[in-house]
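Here is how the chains run, residue by residue.
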Amino acid sequence: MNKSEILAWLLEEDPGRLERLWSLADNTRRTHVGDAVHIRGLIEFSNHCRSRCHYCGMRSERKALSRYRMTREEILVSARGAVARGYGTVVMQSGEDPGLDVEWLADVIETIRRETPLAVTLSCGERSEYELARWHKAGADRYYLRFETSDRILWKEIHPSGRKNAPHRLDILPGIRDLGYETGSGILVGIPGQTWSSLVEDLQSFRRLDLDMIGCGPFVPHEDTPLGRKYLKPGRAGSKGEQTPNTDLMTYKVMALTRLLCPDVNIPTTTALATINRETGHLLGLRRGANVLMVNLTPIQYRSLYEIYPAKEGIRESAEEQLDRVSVLLAELGRTAGEGPGASPNYESRRRAMTSQIAR
Ligand code: 5AD
């Protein structure tokens, strides 16, 4: 697919033609990654963050938000919960926590890998090469870092880093992959300032980066952030002209196109998508390209503090309610829960190529 074909799909509004996009994406998903829906247990283990991203409710300047870091034992209890429910992976996510001790996290990862059959995905923001290498050595299998937008000027504006010459995440991801991680990234759909052409470029970057996991969710405005305030200002004109919309429909289009461009990757249906469409967000996401679902295992007392955006889906849901919701969803889809760690075919074939090179 070239630029103009991608753009034409993004702009498509005819329901009949969109049905064609959904079925192309669904068929490609079935052929390349099968009917299993891999369920990942999410542990949001720290909301401390040194970053000041203009879109995110956990930015360091939000002094009103109380901060927490789960203990080793709390994390292990959550991880054992994932095993008990039959999940194959835990995703350990945090803000860019400056107080995160490299050896402490290495020990937690080692313990999970030693005591459980779980794969471990980390998502802890931009970390030093030393930390990333140490955690991979400790047994972390995957790393997830969204580049959010490929528009470098917009990125600088909304992600003031405080570090001189900080590289763009697009330039960090190849190093993460080279460390041996199964590598994930993604974008924010409809972030203010995102143009149609930059969204096309985002999709093409997915292919170029040879990613293994790609997660995309809509921008959900948070009233106590610079971008949220701008977005929620009374009288603000809706998305028009160059600005892409942050709707669920636009998110499905991005997910479907991602599946067509990168058929062998794992694609989650995101919490942000289910937040803006509680009724059918996950269902439609999984019918339009996605094959991964995240379930929140963060202890309930911390969930509302992991406040990336307001009214996040599932923050009060008990474990039983989650289990029920997932089984209803799978039954409705006519699909089954994936077994085992559920690595992406893209990663599996890269690993095979690497081992055969070493053997030669
Ligand atoms: N709306 C939706 N998603 C957001 N994220 C951060 N802020 C928002 C927001 N306001 C996403 C980013 C980040 C991920 C953890 O959460 O894409 O990578």
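Residues numbered from 1 in each chain as written. Predicted model: local features only at pLDDT ≥ 70, side-chain atom pairs only at ≥ 80, totals over all residues. Heavy atoms only, no water.

## Digging into the sheet that holds strand β3 (residues 119-123)
Link 1 in the chain: A sheet is described by the order of its strands in space; here 8 strands give the open sequence β6-β5-β4-β3-β2-β1-β8-β7, paired in parallel fashion. The open sheet has two edge strands with one neighbour each: β6 (213-218) and β7 (268-269).
Link 2 in the chain: Here strand β5 (residues 182-189) runs beside β6; their pairing, made up of 6 bridges, is parallel. Across the sheet, residue V189 finds its bridge partner in β6, namely P218.
Link 3 in the chain: Seen against the sheet, helix α3 (residues 72-84) touches β1 (38-46) and β2 (89-94) and runs at an angle of roughly 170° to β1.
Link 4 in the chain: Where helix α7 (residues 169-178) meets the sheet, its contacts fall on β4 (142-144) and β5, and the angle it forms with β5 comes to roughly 155°. (Pairing = 2+ DSSP bridges. Helix = DSSP H or I, 4+ residues; strand = E, 2+ residues; numbered from the N terminus. Contact = heavy atoms within 4.5 Å. Axes fitted to C-alpha atoms, helices over the stretch in contact; angles between N-to-C directions.)

## Brief notes about the side chain of E148
Link 1 in the chain: Relative to the helices and strands, E148 resides in the loop between β4 and α6 (152-158).
Link 2 in the chain: Note on E148: relative accessible area 9%, which makes it buried.
Link 3 in the chain: Within the local environment of E148, its side chain forms a polar contact with the side chain of R169, the two groups lying 3.2 Å apart. (Buried < 20%, exposed > 50% of the residue type's maximum accessible area, 1.4 Å probe, protein only. Polar contact = N/O pair within 3.5 Å; in protein donor to acceptor, adjacent residues only side chain to side chain.)

## Describing the environment of V292
Link 1 in the chain: Locating V292 in the fold gives a position in strand β8 (residues 292-296).
Link 2 in the chain: What makes V292 buried here is its relative accessible area of 5%.
Link 3 in the chain: As for V292 and G338, which are separated by 46 residues in sequence, their C-alpha atoms are 8.9 Å apart.
Link 4 in the chain: Excluding its chain neighbours within four sequence positions, the residues that come into contact with V292 are V37, H38, R40, N266, I267, P268, T269 and L286.

## Some remarks on helix α2 (residues 15-33)
Given 3.6 residues to a turn, an α-helix orients residues that are three or four positions apart in the same direction.
Link 1 in the chain: Counted at 1.5 Å a residue, the expected span for α2 with its 19 residues is 27 Å, and the 26 Å between its end C-alpha atoms agrees.
Link 2 in the chain: Looking only at α2, the buried set comprises L18, L21, W22, A25, D26, T28, R29 and V33. Looking down the long axis of α2, one finds its buried residues gathered within 165° of arc, a one-sided arrangement.
Link 3 in the chain: The first or second residue beyond α2 is G34, which carries a positive phi of 80°. (Expected span 1.5 Å × (residues − 1). Arc of directions from axis to C-beta.)

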